[in-house]
Amino acid sequence: MMIISVLYPVGSENSFNLDYYLNSHVPLVKRLLEPTGLRDTRILTAGPESAYPVIAELGFDDLESLNAALAAHGAETQADIPNFTDVVPIIQISEVVAS
């Protein structure tokens, strides 16, 4: 399984609209990416003192389906980011090697 992690860092002048994120952005991501291979979605939150108060983890069966989903809909999901935050997310792709 492959995981794309989207980490939203905190900053003194940054904002994050969690309500919009959970009720608009995450459903958009699921609607677009589930037909192209998204298998699992986890949204993690931590306190504002955390380096990354919000982290999204999106699971795909393999790198090919992940890449196909991002190629098909990555631009649309990324274009929605300014609607809920002014931070630039950190994106990491990882392979699950044990669980």
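Refer to the structure above for everything that follows.
None of these values were measured; they are calculated from a predicted model.

Procedures and definitions
Residues numbered from 1 in each chain as written. Predicted model: local features only at pLDDT ≥ 70, side-chain atom pairs only at ≥ 80, totals over all residues. Heavy atoms only, no water. Phe/Tyr/Trp six-rings, centres within 6.5 Å; stacked < 30°, edge-to-face > 60°. Helix = DSSP H or I, 4+ residues; strand = E, 2+ residues; numbered from the N terminus. Buried < 20%, exposed > 50% of the residue type's maximum accessible area, 1.4 Å probe, protein only. Axes fitted to C-alpha atoms, helices over the stretch in contact; angles between N-to-C directions. Parallel < 35°, antiparallel > 145°, perpendicular 65-115°, else oblique. Left-handed = near helix turned anticlockwise from the far one by under 90°. Contact = heavy atoms within 4.5 Å. Nonpolar A, V, L, I, M, F, W, Y, C, P; charged D, E, K, R; others polar. Bend = angle between axes of the 7 residues up to and from the residue. Polar contact = N/O pair within 3.5 Å; in protein donor to acceptor, adjacent residues only side chain to side chain. Core = buried A, V, L, I, M, F, W, Y, C linked by side-chain atoms within 4.5 Å.

The next subject is the packing of aromatic side chains. What characterises a pair of aromatic rings is the spacing of the ring centres plus the angle enclosed by the ring planes. For the structure shown, the criterion picks out seven aromatic pairs. Ring centres of tyrosine 8 and tyrosine 21 lie 5.6 Å apart, and the angle between their planes is 75°; on these two criteria the pair is classed as edge-to-face. Placement of the pair is tyrosine 8 in strand 1 (residues 2–8) and tyrosine 21 in helix 1 (residues 18–33), with a sequence separation of 13 residues. For tyrosine 8, a relative accessible area of 3% corresponds to the buried category. Judged by its relative accessible area of 2%, tyrosine 21 falls in the buried class. Plain terms: the ring middles of tyrosine 21 and phenylalanine 84 are 5.0 Å apart, the flat faces sit at 55° to each other, and that makes the pair tilted. You can see tyrosine 21 sitting in helix 1 and its partner phenylalanine 84 sitting in the loop between helix 2 (63–79) and strand 4 (90–95), a full 63 residues away along the chain. Judged by its relative accessible area of 2%, phenylalanine 84 falls in the buried class. The structure contains a cluster of three or more aromatic residues connected by ring pairs, namely Tyr8, Phe16, Tyr20, Tyr21 and Phe84.

The next thing to look at is the packing of helix 1 against helix 2. At a closest axis distance of 10 Å, the pairing of helix 1 and helix 2 adopts a crossing angle of 155°. On the basis of the axis angle, helix 1 is roughly antiparallel to helix 2. Considering the relative orientation of helix 1 and helix 2, their crossing is right-handed. Listed contacts from helix 2 to His25, Leu28, Val29, Leu32 and Leu33 of helix 1 are Ala69, His73, Glu76 and Thr77. Of the residues that constitute the contact of helix 1 with helix 2, the class distribution is five nonpolar, three polar and one charged.

Quick look at helix 1 now. Bending of helix 1 peaks at approximately 30° at the position of histidine 25, with proline proline 27 no more than four residues after it. When we look at burial in helix 1, the residues that qualify are Tyr21, His25, Val26, Leu28, Val29, Leu32 and Leu33. Capping the start of helix 1 is the job of one residue whose side-chain oxygen sits 3.2 Å from the backbone nitrogen of aspartate 19: asparagine 17.

Let's shift gears to the environment of proline 27. You can see proline 27 is positioned in helix 1. On the basis of relative accessibility, which here comes to 37%, the residue proline 27 falls in the partly exposed class. Sequence-distant contacts of proline 27, defined by excluding residues within four places in its chain, comprise Tyr21 and Leu22.

Here we take up the nonpolar core. In terms of nonpolar packing, the biggest core is built from eleven residues, these being Met2, Ile4, Leu28, Val29, Leu32, Leu33, Leu38, Leu58, Phe60, Leu66 and Ala69. Elements with a contribution of two residues or more to this core: strand 1, helix 1, strand 3 (54–60) and helix 2. At four residues, helix 1 tops the list of elements feeding residues into this core. The residues touching isoleucine 4, leaving out its near neighbours within four places in the chain, are Ala56, Glu57, Leu58, Phe60, Leu66, Leu70, Ile91, Gln92 and Ile93.

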